[in-house]
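Here is how the chains run, residue by residue.
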Amino acid sequence: MKKFNIRKGDTVQVTAGNDKGKTGKVLEVVREKDRVIVEGINMVSKHTKPNAKYPQGGIVKQESGIHISNVSLIDPKTAQPVKVGHKVVDGKKIRYSKKSGEEIK
């Protein structure tokens with residue numbers, strides 16, 4: 001089992017690719033493919049047939065996955081990208097910022 005430092009709901013910054021420097025909220029983590037889907041990042045055009053959601057069909061813009069190595073977690077306190085550490089506190093494993101030492105919720 002691989003260890004990921006990023007979870008759904010975290011705020012991340014893109015470190016590589018066309019959207020480098022942009023930040024967004026993680027909508028989904030795809031563990032099988034080592035990818036994350038980030039709100040407003042890596043937008044692609046998808047051609048859709050008419051259905052209940054899009055009665056006319058057409059071209060829809062949506063987020064696509066980005067490799068987890070190309071995003072960095074944003075420290076909620078300093079608003080800077082940080083490396084993440086793990087430690088056990090009161091029998092519970094928590095994530096913390098290696099820069100500030102603060103716990104990441």
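Here, residues in each chain are numbered from 1, in the same order as that chain's written sequence. Note on the predicted model: pLDDT of at least 70 is required for a residue's local features to be given, and 80 or more for side-chain atom pairs to be given and counted; whole-chain, interface and lining totals, by contrast, use all residues. Values reported for side chains reflect all heavy atoms of the structure, with hydrogen atoms and water molecules removed beforehand.

1. Section: the layout of surface pockets
Empty space among the atoms can be located by rolling a probe the size of a water molecule over them.
Reasoning step 1: Both site types are read off a 1 Å grid over the protein atoms alone. A 1.4 Å probe that fits but cannot get out defines a cavity, while an open set with protein on both sides within 12 Å along at least five of seven lines defines a pocket; lining residues have an atom within 4 Å of a point. Grid points are joined across faces, edges and corners, and a volume is the space filled by probe spheres set on the points. If you add up the space inside the largest pocket, you get close to 200 Å³.
Reasoning step 2: Along its surface, the largest pocket is lined by 13 residues, and Asn5, Ile6, Ile68, Val71 and Val84 are the ones closest to its centre.
Reasoning step 3: The numbering of helices and of strands both runs from the N terminus, where a helix is a DSSP run of H or I of at least 4 residues and a strand a run of E of at least 2. Ranked by residues supplied to the lining of the largest pocket, first place goes to strand β7 (residues 71–73) with 3 residues.
Reasoning step 4: Asp, Glu, Lys and Arg are counted as charged, while Ala, Val, Leu, Ile, Met, Phe, Trp, Tyr, Cys and Pro are counted as nonpolar; the rest, among them Gly, fall into the polar class. Residues that form the lining of the largest pocket fall into these classes: 7 nonpolar, 3 polar and 3 charged.

2. A closer look at unusual backbone geometry
Reasoning step 1: Look at Ala79: it is not a glycine, yet its phi comes out positive at around 60 degrees.
Reasoning step 2: For Ala79, a relative accessible area of 53% puts it in the exposed group. Each residue's exposure class comes from its accessible area (1.4 Å probe, protein chains only) as a fraction of the maximum for that residue type: buried when under 20%, exposed when over 50%, partly exposed otherwise.

3. Some remarks on the sheet that holds strand β8 (residues 84–89)
Reasoning step 1: One open sheet accounts for 3 strands, arranged β8-β9-β10; its pairing is antiparallel. The open sheet terminates on both sides in strands that have one partner only, identified here as β8 and β10 (103–104).
Reasoning step 2: Bridge analysis of β8 against strand β9 (residues 92–97) gives 6 bridges, and the strand direction is antiparallel. Within β9, the residue paired with Val88 across the bridge is Lys93. Any two strands between which DSSP finds at least two bridges are classified as paired.

4. Comments concerning the pairing of strand β1 (residues 11–14)
Reasoning step 1: The sheet contact formed by β1 and strand β2 (residues 23–30) spans 3 bridges and is antiparallel. Bridged to Gln13 within β2 is Thr23.
Reasoning step 2: With 3 bridges connecting them, β1 and β7 associate as antiparallel partners. Its bridge partner lying in β7, Gln13 is registered against Ser72.

5. Concerning the side chain of Asp34
Reasoning step 1: Summarising the element assignment, Asp34 is placed in the loop between β2 and β3 (35–38).
Reasoning step 2: For Asp34, a relative accessible area of 16% translates into the label buried.
Reasoning step 3: Within polar-contact distance, the side chain of Asp34 engages the side chain of Lys2 at 2.9 Å.
Reasoning step 4: Only heavy atoms enter the contact rule, under which two residues are in contact if any of them lie within 4.5 Å. Apart from the residues lying within four places of it in its own chain, the contact partners of Asp34 are Lys2, Phe4, Ile66, His67 and Ile68. Contacts described as polar in this section are N or O atom pairs within 3.5 Å, which, within protein, must combine one atom able to donate a hydrogen with one able to accept it, while residues neighboring in sequence count only if both atoms come from side chains.

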